[in-house]
Amino acid sequence: MIVLKNIEKIYRTETVETIALHGIDLEIEEGEFVSIMGPSGCGKSTLLNIMGLLDEPSAGYVHIEGTRIDSYSDRSLATLRNHQIGFVFQSFHLIPDLNILDNVMLPLIYRKTSTKERRERARTALERVGLQSRLHHFPHQLSGGQQQRVAIARAIVGSPRILLTDEPTGNLDSQMGGEIMKILQSLKSDSGTTVVMVTHDEEKAEQTDRVVRIFDGRLVA
Ligand SMILES: Nc1ncnc2c1ncn2[C@@H]1O[C@H](COP(=O)(O)OP(=O)(O)OP(=O)(O)O)[C@@H](O)[C@H]1O
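Treat the numbers as computed from the prediction; the structure is a model and nothing was measured.

What counts and how
- Residues numbered from 1 in each chain as written.
- Predicted model: local features only at pLDDT ≥ 70, side-chain atom pairs only at ≥ 80, totals over all residues.
- Core = buried A, V, L, I, M, F, W, Y, C linked by C-beta atoms within 7 Å.
- Buried ≥ 20, exposed ≤ 12 C-beta atoms within 10 Å, placed from the backbone.
- Helix = DSSP H or I, 4+ residues; strand = E, 2+ residues; numbered from the N terminus.
- Contact = placed C-beta atoms within 7 Å.
- Expected span 1.5 Å × (residues − 1).
- Arc of directions from axis to C-beta.
- UniProt positions renumbered as here; feature names shortened; annotations may be inferred.
- Pairing = 2+ DSSP bridges.

Caption draft 1: How the structure looks around the nonpolar core. Counting residues in hydrophobic clusters, the biggest one holds 52 residues, and the most contacted among them are Met51, Val104 and Ala153. Broken down by element, the residue count for this core peaks at six residues, all from helix α5 (residues 144-156). If we skip the residues at most four places from it in the chain, alanine 153 touches Val104, Ala125, Leu126, Arg128, Val129 and Leu131.

Written out as structure tokens, the structure is:
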């Protein structure tokens, strides 16, 4: 379960102060598939980054699986992020010089597992997204939808409890976007993964369990 309590986020530069989030209270149940919608600049990515422990709130606190995050050391935070949370972004961020299998094995490099086990897990994750026949292809040899499926495989290879996705279908046509939605739904239904998806696409948001709407850094529904 993810709990956000009275989250504020203020970005300060020398001349400007931007209040990106104003007192957000949000609870996301384990195994829930939630979408976050709102106009450009309303704070969606900021919220996702705070949920994913990539950024710290200026005030308020985050609980993940019952533990208040600000009680963690940087090292335990990194471990928590590496083991419990997977990320998928709109642009796939694959490493062009590594084949698909090696790209997917990458997050396991910090774990004390053998290369053989890491390879097995990467194969299983790639099977899960239907890319078992492309293991030795390089990213540029795949379509956009396939590259996004690799990014999902990489995000789930460590079996995270939480998958955070920032416009995962934003760069894809509607058929490929539909395939990505099916994969996200299967993660929820087959493994009970909690999935949070930032999207601008009303139709895709309606396919999730709950739509959270943000306007000007505040929750509106
Ligand atoms: N690193 C930063 N420094 C200063 N201001 C920032 C920073 N990151 C975001 N902002 C500001 O915070 C606000 C929220 O940005 P955020 O990226 O969370 O919006 P968003 O809803 O995800 O937008 P979009 O849909 O366009 O991606 C915006 O006004 C943005 O300009």
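Caption draft 2: How the structure looks around helix α6 (residues 174-191). In this model, α6 (18 residues) spans 25 Å end to end at C-alpha, consistent with the 26 Å of a helix rising 1.5 Å per residue. Buried within α6 are the following residues: Gly177, Ile180, Met181, Leu184 and Leu187. Down the axis of α6, the buried set is contained in an arc of 115°. They therefore lie on one face. Away from the buried face of α6 by more than 90 degrees, exposed residues Gln175, Lys182, Ser189 and Asp190 are located. On the buried face of α6, the contacting elements are β3 (33-37), α5, β7 (162-166), β8 (194-198) and α7 (202-206). One or two positions beyond α6, positive phi appears at glycine 192, with a value near 65°.

Caption draft 3: Inspection of the UniProt feature "domain: ABC transporter" (unreviewed entry) in the protein at higher detail. UniProt records the feature "domain: ABC transporter" (unreviewed entry) for residues 2-220 in the present numbering. Secondary structure across residues 2-220 comprises 34% helix and 26% strand; the distance between its end C-alpha atoms is 19 Å.

Caption draft 4: Quick look at the pairing of strand β9 (residues 210-215). With four bridges joining them, β3 and β9 adopt parallel strand pairing. Within the sheet, the bridge partner assigned to isoleucine 36 lies in β9 and is valine 212. Across two bridges, the pairing between β9 and strand β10 (residues 218-219) is antiparallel. The residue of β10 that forms the bridge with isoleucine 214 is leucine 219. Between β9 and β10, which pair antiparallel in sequence order, lie two residues; one of them, aspartate 216, sits at a positive phi of approximately 50°.

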